[in-house]
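# A structural walkthrough
Chain residues, written in single-letter form:
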Amino acid sequence: MPYRHKLIVIKAWWLFVYWHLLISRVAYKKWRKKLLKSNKTDSNSSITEVISIIKLTESVARHHIVPINCLRRCAVQKQLLAQLGHATQLVFGVKKSAGQYQAHCWLTFNDQIINDSPEETNKYTTLSNQNPEQILKSFK
């Protein structure tokens, strides 16, 4: 494994711990801006490099000691990619299943989903600046 990849793996491991503690112990209003902060993009960003980094962090997540859900995964990947000069967008979606509302999140890079499958994300209605009643009516 190249040295640069080893550094990404180590950094991702610690970021999973950091975000797990932040999400589970600190009030949302104190960390939401950090999660939703937009990033400037590097003009040399390529989807191939971004996907490579995502694959490394997914491997770390699968073998981590803290519980990983979509929010923790996206927070770590978004922060790590931003530090490496790649701007991503965090997307939230909701659906109603068996009478229960469920939420999910994923990252996009240049409008391309990078850390989830279209089969999974298509099950959710993307939240945007729409009227809340319209969102509730359009649950998949």
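In short, a report on the structure.

Conventions we followed
Residues numbered from 1 in each chain as written. Predicted model: local features only at pLDDT ≥ 70, side-chain atom pairs only at ≥ 80, totals over all residues. Heavy atoms only, no water. Helix = DSSP H or I, 4+ residues; strand = E, 2+ residues; numbered from the N terminus. Buried < 20%, exposed > 50% of the residue type's maximum accessible area, 1.4 Å probe, protein only. Contact = heavy atoms within 4.5 Å. Areas by Shrake-Rupley, 256 points an atom, 1.4 Å probe, with all protein chains shown as cover. Core = buried A, V, L, I, M, F, W, Y, C linked by side-chain atoms within 4.5 Å.

This part covers the overall build of the protein chain. A count of helices and strands for the protein chain gives six helices and four strands. What you see in the protein chain, going N to C, is helices and strands ordered as α-α-α-α-β-β-β-α-β-α. Expressed as a percentage of its 140 residues, the buried residues of the protein chain come to 40%. For the protein chain, restricting intrachain contacts to residue pairs at least 6 apart in sequence, the fraction spanning at least 24 positions comes to 62%. Per element, the accessible surface of the protein chain, about 8700 Å² overall, is 55% carbon and sulfur.

Formed by 28 residues in total, the largest nonpolar core has its most connected members in Trp19, Trp31, Leu35 and Ile114. Only helix 1 (3–25), helix 2 (28–36), helix 3 (47–62), helix 4 (70–83) and strand 2 (100–109) provide two or more residues apiece to this core. Those residues in contact with Ile114 that sit more than four places away from it in its chain are Ile47, Val50, Ile51, Ile54, Leu81, Thr88, Leu107, Thr108 and Phe109.

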